[in-house]
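# What the coordinates show
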Amino acid sequence: MKALMFGWEFPPHILGGLGTASYGLFKGMAKQSDMEITFVMPKPWGDEDQSFLKIIGACNTPVVYRNVSYDYVAERLAKFMDPAKYFELRDHIYDDFSYRYVNDLGCIEFSGRYPDNLLEEINNYSIVAGVIARTEHFDIIHAHDWLTYPAGIHTKMVSGKPLVIHVHATDYDRSRGNVNPDVYNIEKNGMDYADRILTVSNMTRQTVIDKYHQDPNKVITVHNAVEPLSPDILAITDKRGVTDKIVTFLGRITMQKGPEFFVEAAAKVLGKTKNVRFVMAGSGDMMDKMIRLAARRNISDRFHFTGFMKGKQVYEIFQSSDVYVMPSVSEPFGISPLEAMQCGVPSIISKQSGCAEILDYAIKVDYWDIEALADAIYGLISYPELHAFLRDEGLKEVNNIKWEYAGMKVRNIYNEVLHL
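Residues numbered from 1 in each chain as written. Predicted model: local features only at pLDDT ≥ 70, side-chain atom pairs only at ≥ 80, totals over all residues. Heavy atoms only, no water.

## A look at the environment of Lys-351
Mapping Lys-351 onto the fold places it in the loop between β12 (347-350) and β13 (363-365). C-alpha of Lys-351 to C-alpha of Ile-363: the two residues are 12 residues apart in sequence and 9.1 Å apart in space. Dropping the residues within four chain positions of it, Lys-351 is found in contact with Ala-356, Lys-364, Val-365 and Asp-366. (Helix = DSSP H or I, 4+ residues; strand = E, 2+ residues; numbered from the N terminus. Contact = heavy atoms within 4.5 Å.)

Set out below in structure tokens:
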């Protein structure tokens, strides 16, 4: 079985949970002896682990003048105009596109990030996908998240192979319902063209069915998982240097993640005890607002903002924490509580998170219930028996949530789509 996968980021260069989840799934699927994965991304950095898959950089794929990808665009125009105008406009498309995007090597340049012209990069990525579709051999197409849906659609139209899309999040999650119409249209178009839609939770599955009007029979939940911790991560020791309890929020500081509820709960906990510090690890457009909120609540001396953390730094934070909190307003899944529990850190998560569907040994509260969140935090830092119970049982639970199992479920979906 050969799968051609499209994604946007890959460890060690990740900016969120998408790269982590994709990497874990790929490794889990690679344990199947007859599974071959070719992963396309806009811009590899050269230090990615390719021991279990092949990576193709869109930025390294030549798009030559009057290439088949250009012809694909032009052929669509030919259906709607007379031949003379068609050939005139086609030449203009070639010349304009080459001038704007193609470098001296005949390749389109990509930032490898999430630039201001993101929609333009998504479109260019889909054009390169047409070239790759004609040069690679594969049985099925798998596109991860909305940025790659146009590439998946183009590949399906060129190759005739079935398309599976993986919904790691929707714009309803990211925007608290204030949906960007351009993003929504890309998401819905991808879902409409897909032969199967994979969602990371039942909550996201219901969003896809209700908000994007998809047939429930083609929408299937495949919960995320976690990678086993490596020896160097397991060797990390607690370096906090203080006797105070430490409660941590780690993630993008955006409205989706509910950071204001963490700050408000912290203020209530500090009204009961001073032997605790709160850490907000991450970056985002609400960071300055959270710094000001902590100052208004007069808890700045007990609150620490670390900035963006990645790789080993994440686990150093976990190993120095007593409690992990994820108060997300709408979280399609949320891998970070599982990672914290792997490190023996009891977790408090919102009931509005996908991982709440599979975690029995995490405390669950409504994201807006600051009183319940504060009570949960206070209970875990004040009662050693409760902390030890959730630490031990949570570790057992999360060690049985494996990417290998998720990979087998995806493989069964492939077999179904291909009628194997």
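Resuming the write-up.
## Quick look at the packing of aromatic side chains
Working definition: an aromatic ring pair is given by the centre-to-centre distance plus the angle between the planes. Applying the stated rule across the entire model yields 20 aromatic pairs. Between the aromatic rings of Phe-318 and Tyr-324, the centroid separation amounts to 5.5 Å while the plane-to-plane angle is 90°, which identifies the pairing as edge-to-face. Here Phe-318 and Tyr-324 have matching classes, each one buried. A network of ring pairs unites the aromatic residues Phe-10, Tyr-23, Phe-26, Phe-39 and Phe-52 as a single cluster. (Phe/Tyr/Trp six-rings, centres within 6.5 Å; stacked < 30°, edge-to-face > 60°. Buried < 20%, exposed > 50% of the residue type's maximum accessible area, 1.4 Å probe, protein only.)

## A few points about a nonpolar patch on the surface
Residues Leu-15, Tyr-114 and Phe-308 make up a contiguous nonpolar surface patch of about 250 Å² in total accessible area. Note that Phe-308 resides in the loop between β10 (303-307) and α12 (312-319). (Patch = residues over 30% accessible without salt bridge, like charges linked within 9 Å, V, L, I, M, F, W, Y side chains within 5 Å. Areas by Shrake-Rupley, 256 points an atom, 1.4 Å probe, with all protein chains shown as cover. Salt bridge = Lys/Arg side-chain N within 4 Å of Asp/Glu carboxyl O.)

## Focus: helix α15 (residues 384-398)
Count 3.6 residues to each turn of an α-helix, and residues three or four apart come out pointing the same way. Between its terminal C-alpha atoms α15 stretches 21 Å, which fits the 21 Å expected from 15 residues at 1.5 Å a residue. Restricting attention to buried positions, one finds in α15 the residues His-387, Leu-390, Gly-394, Glu-397 and Val-398. Projected onto a plane normal to the axis of α15, the buried residues spread over an arc of 105° and lie on a single side. Of the exposed residues in α15, those oriented more than 90 degrees away from the buried face are Pro-384, Glu-385 and Lys-396. For α15, the elements touching its buried residues are α13 (336-342), β13 and α14 (370-382). (Expected span 1.5 Å × (residues − 1). Arc of directions from axis to C-beta.)

## Considering the pairing of β10
In the sheet, strand β9 (residues 276-281) pairs with β10 via 4 bridges, with the strands oriented parallel. Each bridged residue has a counterpart across the sheet, and for Phe-278 the counterpart in β10 is Phe-303. Each parallel crossover has a hand, and for β9 linked through helix α11 (residues 287-296) to β10 it is right-handed. (Pairing = 2+ DSSP bridges. Right-handed = clockwise from strand over helix to strand, strands pointing away.)

## Some thoughts on the pattern of salt bridges
Summed over the entire model, instances satisfying the criterion amount to 17 salt bridges. Residues participating in the shared-partner salt-bridge network are Asp-171, Arg-174 and Glu-187.

## Observations concerning α11
When α11 is considered as a whole, its buried residues turn out to be Met-287, Met-290, Leu-293 and Ala-294. Down the axis of α11, the sector holding all buried residues measures 115°, keeping them to one side. Of the exposed residues in α11, the ones pointing more than 90 degrees away from its buried face are Asp-288 and Arg-296. Check the buried side of α11 and you find it contacts α10 (259-270), β9 and β10.

## Overview of the state of the cysteines
Following the criterion strictly, the structure yields 0 disulfides and no others. Between Cys-343, a cysteine without a disulfide, and Cys-355, which holds the nearest cysteine sulfur, the sulfur-to-sulfur distance is 15 Å. (Disulfide = S-S within 2.5 Å.)

## What to know about the sheet that holds strand β5 (residues 163-167)
Pairing within the open sheet is parallel, and its 7 strands lie in the order β3-β2-β1-β4-β5-β6-β7. Only two strands of the sheet have a single partner each, and these edge strands are β3 (54-57) and β7 (219-221). Averaged over all adjacent pairs, the angle separating strand axes in this sheet is 25°, with direction ignored. As paired strands, strand β1 (residues 2-6) and strand β2 (residues 36-41) are joined by 5 bridges and run parallel to one another. The residue of β2 that forms the bridge with Ala-3 is Ile-37. Packing against the sheet, helix α16 (residues 403-417) makes contact with β1, β4 (140-144), β5, β6 (196-199) and β7, and its axis sits at approximately 170° to β6. (Axes fitted to C-alpha atoms, helices over the stretch in contact; angles between N-to-C directions.)

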